[in-house]
Every structure is written in structure tokens, then in C-alpha cells.
Amino acid sequence: MNPRIAVIPFSTGPNESRAALTGRGLALELIEWLRGAGLETVLLTATHTDDDGGRRALVAFSEPLDAQTIADIVALDEGESDEEPEDITQAPGIQTVISGSLRLTPVGLAATVEITDTVAVYSKGSVEGELVPGNFFEAVQKFFNDIAQQAGLDKIEPYDPGTKIYKAWEHMLLTRAYKLAAELGVLDPEIPQPYKEPLAGIKLDPAYKTIRDRAGELALTLVIERGFDAHQGLKAMDEITRATGHDWKSWRVRAQLLSAAGKHAESARTFVRLVKGDNQAPEKSAQYQAALDAGREFNAAGKHDDAVRLLQRAMESRELKVDAIVESGSAYAGLNAEVVAERLWQRALELDSGAVAARLNLAHHYRNKDDTERAAKEYAKLLEVEGLPRDMLAEAAEFFFSHQLYDTAVAAADQFAREYPGDPIAHVLKASAFNALGRHPEAINELNQAELCAGVSALKDIVTRQRRYAEHPDSEKRLRELADFVFGEEVGKAEEGLRTLVKDYPDFWEASMLLGITLRRQERWEDARVAFEQARTGRDVPGADKELTGIYSKLGQPEKALECAKRAFDSTPDDAEIVANYAAALLESGEMAEAYKHAKRAEELDPEDAVTRKLLDIIESKYLKRGFVGSVAAAARYLTRKFRRKKPKGNG
């Protein structure tokens, strides 16, 4: 059995950042070449944070390392592993380390590579290399081959840099170094153009397919893992592939970037390329994965028939069968075949009881049907799965809380807090459940913990509400009693009590909201405006902005109505009612084209809403008959929406 080999990024002079990046890229190239020969090879690197905590960066050595230091680094690295191999003879430790130093010359680079035996702690020898234009291709092959021979490694295929142009190769090394930094979360924030290196390399050698592959890896790491702009990544990859052409790997990168950019239909069609046609993935497993990905993207684009067709192909893979069944359930749900969707999710759980997505989809399915009992069972089973994402734990705790299953909500929030220590939302959810159970001292303890985790200002509104509830339980009781009047037939009885609550607790914005609704239902527009403005003072309350949109319209102030509607839309762009309100405010301000666009979006979000349909009829009538000219008085009637008569959540 071959020993494990480690590579330490090459030492460079102090403050030589480009040389350090080049050295890291060279270390990664060595690792991939050795792995291609079947050798288990790892990179030994670490990060450090400046003394002032201002910047986290990769460790860089400014001097060559001696054998003892290298052995100490290896011992430290292997000592940090939490897992013991089942059979130590099958998992030998690192016995050989490749390290050295590198400097950039005016025309190329010069490197000294050291080969260290970490068992006997001695240097097995060194290799000198100078890589410059001219004979670069032959020189770099000899350089890599000499390293392998010095390390005692035989029968390795010659290294292929993918280009005969030295500077293009150097740009590829820098691209690899950027990807490593992105993976570890230490990409220099001062780098304004993360794709500048592969773009520069491809200009030097338009046929350089290796740099295309490295650029794709960099783009996916930046976009998927680090949240960089997907459109920027797409633009860079398009420029590169215009020069090199596409292969199945670059099409897969493009499909993933399109998905991240929200272009799901185009992403799906790109994944389909990998299932069939000229750019078909070479392995069946990759084709099946592409079919599954295409199905997901078609679902996200609302093209559920196409999703069903592709997912049938993915089901042919034993490894992907459960995932494909789950996604097929989502496709049938999109086609309103809820019975079929439910059965598919149940089938997925029959095949794999730990299929989290199937369990979560069933919970959503029963929740949407108001089948609280069955939804609760699914959420409870979901909590039995180890390692759930934080969003699922939070959702389960919120479900139990909102359905007044407070004891279960406490248990779910407690599990959330244990699995994600330091997450303030877990403690807020737990505090809310404790308050609902009347266990107010315990609620205060949880709120204190939440503030320790996130700071007081980050959770100000929700913590203030729950702390008030814990310290003055009567305030919450009074709010709920008054809410019954507000949403009942005795709205006038609520005003005095709500004004008292607002006076006693000026930051009780929920009370101000209820007061505003009370006054609006009595058509006291100016008084309602004051209440809603107080509710949103110092905080983002889309509901208050939604209400103010209609109020300002009634008061004959269309500019203010549009301002409030825009603010609500920016905060909640996927709420059909808020989007329709924004469309109506745009119409009232004479912005006909924008009004039509947003009214159509509101219709997409809620196709059954009659008020939105009427608003669209008005806009279309004006567009067709009067060329976007005419009175807007008719539209004003639809600006103040029908208000849902639902009680607010008591202590959310």
C-alpha cells in the first residue's frame, strides 16, 4: 500500500502575495497529479486571524521549513482528527511531505522542492526548478517527474499542464488558489474581480480547456458556497466558453449558475443537455443526476409536466430513486394531483424512513389541508432525524407553537438550541412557548440567552414583546381580548383599550396596528394614519405600509401611497396582496406600464383573487382603449384591499 503524502504550500518572501497564491496553486496541481496516479494525497494548510480580529487569512510561511518543523506540523494535523480508523493498517499516517519555497522572477518562477520523511524525520532530497517561457512545457514535465522520483514514486503518467504558454498556466494556478481561499472563506475582500485570472489566461491561450474547468470550479464555489453574484459568474464563464467551446462539465456549471441566478427553466434545459444529445455526460450516474437536477429546475420553473418526464429517467438510478420519487411528488403537487403527490412521498418513506424531504413535504401537505394532527406527527418524526438543517428545526418549533402545542414546541426549540448552540432564534422560540405556558421566569432566562447570542439590538422587537409578556402577562391578555372586538362586530369597543395599551407601552407596535385597523374600519382615515405610522416608527412593518397605502389613497395623497406601497413591496416582494397594492398605487400615480407588470405578477402569485383580476381589467382597458391615458378614479376603489378577518398570532 502506498503511504499517504501531504503537500504544504510553498514558502515565499514576506508580503509577496502573488507568489504565495502561485505557490498554493502549484501545491494543488501537485496533489491532483499524484491523486491521478492513485496516491492518497492531502493539502496541509491553515488559517489565522489578525491580532485585532480584523482579517482572517491563510497561513503563509516566509522561510523554508526544516524536517523537524514539518514532522511537528504533521503530528499536529493528525492529532486533530476526531475519528479513529477501524484498522490502522488500512489507514497509514502521512509518511512523506512535499514542501519548499517559491519566488517569482521577472519572466517566470523558481522553486526549490523539499521531500521529507516524517517517520525518520529527515530530508530525502530536493528538486530545483525554473519555469519560464520558451521550453515551459518540457521543463514543467521534468520538474514534476523529478519530484515524484525524489519521493520514491514510480510509474506516474507525465504531468500535462494543458497549455504550452507559461503565463496562461500561471493564471490557472492563481485561479486554483482563489478557489481554495473561497472554499475556506478567506478570499481577500479587496479582490474586485475574482474571475480576472481565468479570463486573462484564456486570452493568452483560447484553447486552454484546463483553465475553463478551474474557472467553473471557482465560479460554483463563489456563487453556491459564498453567495457571490451568479450573473457575474455566468458572464465570466460565457466569455471563457466562447473561446474554448463547451463540454458536459462546463454545461453542468452553467446549469448550476443559472439555477443560482433564478433562471430555472433555462437551467433545466441546460441539464437536459447532459441527459441526451451532443453534450451528454459520459457516465450513466452523471446522466441520472442531471435528470434529477433538470426535474428540480423544471419544478422550480412551474413546468411540472416536463419535471415528471425527466424524473422518470432519474428513477432508473438505484442511488437516486428516493430523491427522484420525492421530487416527482412535488411535480404532481404542482399539477394539483395532491393524492398522487401524497402517495409518492409516502412511498419514498417506505423505501427510506430517513428521507427528510419526503417527511417535510408531507408535513407541508397536511398543514395546507389544516390537518394539524397528521402534520404534527410528521414534524415529530422529522425531529427524530439527526443533523437536521436549522431551518427545519425552526419550522418544526414554530409549527408546534403556532398550533398551541406548547409543550412540544418547548421540546423542539430545546433540540434546536442543543444542535445549533448560539442560535438566538432557538431561544426566542423557547421563550415564546414558555410564555404561552405561563412559565414566565423560564421565558426571561431564554430571552437573556437570546440577547447574549445575538445582541440586544438584533432582536429588539420580538424580544421586547416576549419580555413584556413575561414581566406583564396582563398586557398580552388585554391585547387578545381587544383583538376579538377589532375583528368582530363590536369594533368601536376596542379603541379605548388599545389607546391605553399604546400609552402604557409606546413600543407595543402590535397594539398600534390593531388601533389603526379599528380606526380604518370606522373610516377615520387621518386617525388611522397616525396609528399605522406609529406602528412602523423605527422598524420595518410591511403590514403597516400595506395599510398606509390605502389610507394615503383615501386622503388624496397618491405620492405617499406609492411610497408606502413601494416600501412594503421591497420588504415582501412575493406577497400577492402587497404586490397588487403596489400595482394599484402605481396606477393611481399614472405609471401604467409598471402597474400592469406588477398586477400580472400579483395574478401569478394568486390566480384566484378577484380584486387583482378587476385591477388588471381596469389597466388593460386603459391600455387598449385610451393608450394609458384617462381617469384613475375607478382604480382607487380597489386600492384598499379586502382585509382578512384573522386574529393576529397572540405572541409570535
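Anything mentioned here points back to the structure above.
To start, this report covers the structure provided alongside it. (Residues numbered from 1 in each chain as written. Predicted model: local features only at pLDDT ≥ 70, side-chain atom pairs only at ≥ 80, totals over all residues. Heavy atoms only, no water.)

**What about the overall build of the protein?**
Heads up, the rule is: We count a stretch as a helix when DSSP gives it H or I for four or more residues in a row; a strand needs E for two or more, and each element gets its number in order from the N terminus. A simple rule labels every residue: compare its accessible area, found with a 1.4 Å probe on the protein chains alone, to the largest value its type can have, and call it buried under 20%, exposed over 50%, or partly exposed in between. Throughout, a residue-residue contact means that at least one pair of heavy atoms, one from each residue, lies within 4.5 Å. All accessible-area figures derive from a Shrake-Rupley calculation using a 1.4 Å probe, and residue coverage is judged against the displayed protein chains alone.
Along the backbone of the protein there are 30 helices and 7 strands. Within the protein, the proportion of its 652 residues that are buried is 48%. Taking as baseline every contact in the protein between residues at least 6 positions apart, the subset at least 24 positions apart corresponds to 58%. A total of about 31,800 Å² of accessible surface is found on the protein, and carbon and sulfur atoms cover 48% of it.

**With respect to helix H23 (residues 509–521)**
Where we set the bar: Any helix carries an expected span of 1.5 Å times its number of residues minus one.
Here H23 spans 18 Å end to end across 13 residues, near enough to the 18 Å set by a 1.5 Å rise per residue. For H23, a buried count of 11 out of 13 residues is recorded, marking the element as mostly surrounded by other parts of the structure. If you follow the buried residues of H23, they end up packed against helix H20 (460–471), helix H21 (473–486), helix H22 (494–504), helix H24 (525–536) and helix H25 (542–554). Residue Glu-523 follows H23 closely and has a positive phi angle near 60°.

**Re the pattern of salt bridges**
Going by this rule: Every case where a carboxyl oxygen of Asp or Glu lies within 4 Å of a side-chain nitrogen of Lys or Arg is listed as a salt bridge.
Using the criterion set out here, one finds 54 salt bridges in the structure. The salt bridge partner of Lys-560 is Glu-563, with a shortest N-O separation of 3.7 Å. Linking Lys-560 with Glu-563, this pair stays in helix H26 (residues 558–571), spanning 3 residues, or about one helical turn. Residues participating in the shared-partner salt-bridge network are Glu-533, Arg-536, Asp-545, Lys-560, Glu-563 and Arg-567.

**Quick look at the packing of aromatic side chains**
This is how it is decided: Stacked, edge-to-face and tilted are the three classes for Phe, Tyr and Trp ring pairs, Trp counted by its six-membered ring, which pair at centre distances within 6.5 Å; planes under 30 degrees apart are stacked, over 60 edge-to-face, the rest tilted. Whether a charge lies above a ring is judged from NZ of Lys or CZ of Arg, which has to be within 6 Å of the ring centre and within 35 degrees of the ring normal.
Inspection of the entire model under this criterion finds 13 aromatic pairs. Centre to centre, the rings of Phe-143 and Phe-144 are 6.1 Å apart; their planes meet at 75°, and the pair counts as edge-to-face. An identical accessibility class is assigned to Phe-143 and Phe-144; each is buried. When the ring of Tyr-166 is compared with that of Trp-169, the centres are 6.2 Å apart and the planes differ by 50°; the resulting orientation is tilted. You can see Tyr-166 and its partner Trp-169 sitting in helix H4 (residues 166–183), 3 residues apart, about one turn around the helix. Each of the two residues, Tyr-166 as well as Trp-169, counts as buried. Among the aromatic residues, those joined into a cluster by ring pairs are Trp-33, Phe-143, Phe-144 and Tyr-159. Taking NZ or CZ as reference, Arg-273 lies 3.9 Å from the ring centre of Trp-251, over its face.

**Description of the environment of Gly-233**
By the element assignment, Gly-233 lies in helix H7 (residues 230–244). Note on Gly-233: relative accessible area 0%, which makes it buried. Placed 21 residues apart in sequence, Gly-233 and Arg-254 show a C-alpha to C-alpha distance of 9.0 Å. Among all residues touching Gly-233, those that are not within four sequence positions of it are Tyr-195 and Leu-257.

**Details of the pairing of strand E1 (residues 4–7)**
Condition: Note: two strands are recorded as paired if DSSP finds a minimum of 2 bridges between them. When the strands point away from the viewer and the connection leading from the first strand across the helix to the second strand turns clockwise, the crossover is called right-handed.
Relative to strand E5 (residues 94–104), E1 runs parallel, the two being bridged by 4 bridges. When the bridges of E5 are listed, Ile-5 appears paired with Thr-96. Following the backbone out of E1, through helix H1 (residues 17–36) and into the adjacent parallel strand E2 (residues 41–43), one traces a crossover that is right-handed.

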